[in-house]
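A structural walkthrough
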Amino acid sequence: MSPNEATAEPAPLADAQRPGAGRHTLALFLSELRLVFARTRTQVGLGVLAAVPLLIGIAIKIAGSDSGAEGFIGQIAGNGLFLIVASLGLSLPFFLPTAVTVISGESLAGEASLGTLRNLLTAPAGRSRLLAAKMVALAVFCLAATMTIWISGLIVGFILFPVGDVLLLSGSTVSLGEGLLRALGIAVVISLSLLGLAGIGLFVSSLTSTPLAAMAATFGTFIVLGILTAIPQLHAIHPWLLVYRWQSFADLLRDPPYWHEIGRNLLLQGGYLVVFYAAAWARITSRDIT
């Protein structure tokens, strides 16, 4: 055997020992999830969201059933399950979007400010996979944020108030188990409703290396869209605005559920996500890293 043949034999073994692309991609996704949820601001944000049902529950408990509150809040004293729905509904206009803008605005800009984005973009993972990992982490955070409120509302509601069959908006009554499933569906719908905003935040984050600027710009966009939605004279463009159908989650508390508005809301969120994710991809794949 010649020396050249002897040295060439280990090559196939070395190739076999190399991790596959799928394994590397999974490792990248898991690394991104650890990065997001290990941040102090993420943990603090989830803690604030968990406190929302607690504060509402204590306030209703102190005020009693004669508080005069209307809507879902007015039904909490009679059935603790409504604390979940009320907490999610009250968090949707401000607390949840704020949490999403913070995390999404920091997703790429935070890496750029620390000087680690250049290394990530030159790594074998590739820019497209890096961006996909960031978006998956944002989607998981949206679900984690709403489920934090859901679990906190469930615990506080069951401790402070009586629970039982659930009276729906349509006037019919369902069992506690079905009520919990509908409340879980509401949390999922709300988390999906936040994906459009997360996509905007990801795109804005790709434009700057300053996390605070990205967060402020994303939240400012959210505020502008909210203001436009509140102006009656602009009703012609309302169906195209990000937040217009956010409250459609309440249709899950009808018998049978009204899926029309929920479907249109999720379709709109998907449109925003596709547009701004594509814009972020175009930016990140053409970004100069020299």
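Residues numbered from 1 in each chain as written. Predicted model: local features only at pLDDT ≥ 70, side-chain atom pairs only at ≥ 80, totals over all residues. Heavy atoms only, no water.

One pass over the structure, following the stated rule, counts eight salt bridges. In this structure, Arg 245 and Glu 261 form a salt bridge, with 2.8 Å as the shortest nitrogen-oxygen distance. Remark: Glu 261 occurs in helix α13 (residues 259-285) and Arg 245 occurs in the loop between α12 (211-230) and α13; sequence separation between them is 16 residues. Look at Arg 245 and you get buried, because its relative accessible area is 7%. The salt bridge involving Glu 261 is made with Arg 264; its shortest N-O contact spans 3.9 Å. Placement of both Glu 261 and Arg 264 in helix α13 is noted, with a separation of three residues, approximately one turn of the helix. Judged by relative accessible area, which is 28%, Glu 261 ranks as partly exposed. Connected through shared salt-bridge partners, Arg 39, Arg 41 and Glu 106 make up one network. (Salt bridge = Lys/Arg side-chain N within 4 Å of Asp/Glu carboxyl O. Helix = DSSP H or I, 4+ residues; strand = E, 2+ residues; numbered from the N terminus. Buried < 20%, exposed > 50% of the residue type's maximum accessible area, 1.4 Å probe, protein only.)

This brings us to the nonpolar core. Here is a general trend for soluble globular proteins: nonpolar side chains tend to be buried in one another's company. Within the largest apolar cluster, 66 residues are counted, with the highest numbers of intra-cluster contacts made by Ile 76, Leu 88, Ile 186, Leu 242, Trp 246 and Phe 249. Per-element accounting of this core gives the leading share, 11 residues, to helix α9 (residues 127-160). (Core = buried A, V, L, I, M, F, W, Y, C linked by side-chain atoms within 4.5 Å.)

Moving on, we get to the UniProt feature "transmembrane region" (unreviewed entry) in the protein. What UniProt calls "transmembrane region" (unreviewed entry) maps, in this numbering, to residues 44-64, 76-96, 136-161, 181-205, 212-231 and 266-284. Counted over residues 136-161, helix gives 96% and strand 0%. Its end C-alpha atoms are 37 Å apart. Secondary structure over residues 181-205 splits into 96% helix and 0% strand, and the C-alpha atoms at its two ends are 35 Å apart. (UniProt positions renumbered as here; feature names shortened; annotations may be inferred.)

Before going further, it helps to examine the environment of Gly 89. Mapped onto the elements of the fold, Gly 89 is located in helix α6 (residues 82-91). Counting along the chain gives 161 residues from Gly 89 to Ala 250, while the straight-line C-alpha distance between them is 8.7 Å.

In total, this model carries eight aromatic pairs according to the counting rule given. With a centroid separation of 6.2 Å and 45 degrees between ring planes, the pair formed by Phe 37 and Phe 141 is classed as tilted. Taken together, the positions of Phe 37 in helix α3 (residues 21-38) and Phe 141 in helix α9 put the pair 104 residues apart, joining distant regions of the chain. You can call Phe 37 partly exposed: its relative accessible area is 25%. On the numbers, 6.1 Å between centres and 85 degrees between planes, the contact of Phe 94 with Phe 219 is edge-to-face. Separated by 125 residues along the polypeptide, Phe 94 in the loop between α6 and α7 (95-114) and Phe 219 in helix α12 bring together distant segments of the chain. Judged by its relative accessible area of 43%, Phe 94 falls in the partly exposed class. In this structure Phe 219 comes out as partly exposed when scored by relative accessible area, which is 23%. Through pairs of rings, three or more aromatic residues link up here, namely Phe 94, Phe 95, Phe 219, Phe 222 and Trp 246. (Phe/Tyr/Trp six-rings, centres within 6.5 Å; stacked < 30°, edge-to-face > 60°.)

This part takes up α13. Taking 1.5 Å of rise per residue, 27 residues should cover 39 Å, and α13 covers 38 Å from first to last C-alpha, within 8% of that figure. Where α13 is concerned, the buried positions are Ile 262, Asn 265, Leu 268, Gln 269, Tyr 272, Leu 273, Ala 280 and Ile 284. (Expected span 1.5 Å × (residues − 1).)

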